[in-house]
Amino acid sequence: NSFPPAKSGWSDSGMSDFFELLTERDPSKALALANEMSAAKPNDKSWPPLAAYADALVQAAQLVAAGKAADAVVVLDAVKLPRLQNSSPYYLLKAAAQGAAGDPQKAYETLLGRMGQSPTDSLKAALVRIGAKLQKNQSQASADLWALLESKAKPAADLDTTRFGDESKVTLADYRGKVVLLNFWYPFCGPCRGEFPYLQAILDKYASKGLVILSPSVHPLEDQLVLPYMNGMHWGFIPLHSNTEYAEKSYAAKGRS
């Protein structure tokens with residue numbers, strides 16, 4: 001109320017994230033927010049599709065609760081998923097509707113397919129629950145997921161860069177047999193610095209099992225800051241030279257603006 005989104009850029013920029021959180025917890029509140037934002041910013045074309053998405057979630061949930069699960073599936077099949085939003089609530093609801101409509105196999109396939117694209121703990125828990133109805137234990141569900149991932153896997157583009165410090169050439173073949181996490185960043189990227197403690201925690205936990213984190217810095221103008229920052233913060237990542245053009249062309253890695 002003190003900083004309405006229509007007048008405050010900071011509030012405005014956070015509303016889509018707030019909407020995403022609400023779809024996970026209470027789609028009816030997400031719908032109310034989307035309608036409010038549509039009214040407050042009539043020239044912003046991003047909110048009406050979000051309102052339609054939230055409305056479909058609300059309708060589908062009501063239909064499932066009313067014992068009309070098959071109708072809920074029809075509503076959800078017609079949904080156009082919004083970009084840059086966590087769509088787990090949609091897939092969880094769709095699988096629940098499919099299961100309630102008497103098709104647990106279809107529900108399992110829905111969850112499995114989504115897990116193969118963007119896994120979350122909630123999707124995994126639902127996959128295990130639905131799998132149990134199909135006489136699948138957790139190990140079998142995991143095996144199904146790995147089979148799906150392997151069927152879609154393809155070789156990564158090789159690296160064509162050098163390492164900060166000794167300037168030695170680096171290729172992916174240097175790390176054959178290890179799990180390589182390629183994390184593009186640059187020193188003045190706030191979100192990059194914000195995620196580093198979490199990446200370091202993962203590295204600390206799994207380095208003994210072969211995890212390596214390669215960190216190409218994509219802004220050459222800041223190259224002089226890379227090693228002082230990495231060494232000063234004691235990050236265990238391997239810093240590499242790069243730029244935005246290479247990151248996007250070779251790995252389809254593009255920053256959000």
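The notes below deal with the structure included here.

What counts, and at which threshold
Residues numbered from 1 in each chain as written. Predicted model: local features only at pLDDT ≥ 70, side-chain atom pairs only at ≥ 80, totals over all residues. Heavy atoms only, no water. Helix = DSSP H or I, 4+ residues; strand = E, 2+ residues; numbered from the N terminus. Buried < 20%, exposed > 50% of the residue type's maximum accessible area, 1.4 Å probe, protein only. Salt bridge = Lys/Arg side-chain N within 4 Å of Asp/Glu carboxyl O. Phe/Tyr/Trp six-rings, centres within 6.5 Å; stacked < 30°, edge-to-face > 60°. Pairing = 2+ DSSP bridges. Axes fitted to C-alpha atoms, helices over the stretch in contact; angles between N-to-C directions. Contact = heavy atoms within 4.5 Å.

A look at unusual backbone geometry
Residue Leu-84 is not a glycine yet carries a positive backbone phi of 60°. Checked against the element boundaries, Leu-84 lands in the loop between α4 (69–77) and α5 (88–100). Despite not being glycine, Gln-135 has its phi angle at roughly 65°, a positive value. In this structure, Gln-135 sits in the loop between α7 (121–133) and α8 (138–152). When its relative accessible area of 69% is taken as the criterion, Gln-135 is described as exposed.

Here's the deal with the pattern of salt bridges
Under the defined criterion, the tally for this structure stands at five salt bridges. Of the charged contacts, one joins Asp-12 and Lys-41 as a salt bridge, the two residues approaching to 2.6 Å between their closest N and O atoms. Residue Asp-12 is found in helix α1 (residues 9–25), and its partner Lys-41 is found in the loop between α2 (27–40) and α3 (47–65); the two are separated by 29 residues along the sequence. Residue Glu-24 is joined to Arg-25 by a salt bridge in which the shortest nitrogen-to-oxygen separation is 3.5 Å.

Focus: the packing of aromatic side chains
Applying the stated rule across the entire model yields 10 aromatic pairs. Measuring from centroid to centroid gives 6.0 Å for Phe-19 and Trp-47, while their planes differ by 80°, and the two rings are edge-to-face. Here Phe-19, found in helix α1, pairs with Trp-47, found in helix α3; they are 28 residues apart in sequence, far enough to count as distant. When its relative accessible area of 3% is taken as the criterion, Trp-47 is described as buried. Judged by centre distance (6.2 Å) and plane angle (70°), the ring pair of Tyr-246 and Tyr-251 falls under edge-to-face. Among the aromatic residues, ring-to-ring pairing joins Trp-185, Phe-196, Tyr-229, Trp-235 and Phe-237 into one connected group.

Side note on the sheet that holds strand β3 (residues 179–182)
Read across the sheet, three strands follow the order β3-β4-β5 without closing on themselves; strand pairing throughout is parallel. Looking at the sheet topology across the chains shown, the edges are occupied by β3 and β5 (238–241). Across the sheet, the mean angle from the axis of one strand to that of its neighbour is 30°, orientation sign disregarded. Pairing of β3 with strand β4 (residues 211–217) involves four bridges; the strand directions are parallel. Bridging across to β4, Leu-182 finds its partner in Leu-214. Helix-sheet contacts for helix α10 (residues 223–233) involve β4 and β5, and the interaxial angle to β5 is about 175°.

The values are spatial; any link to function lies outside them.
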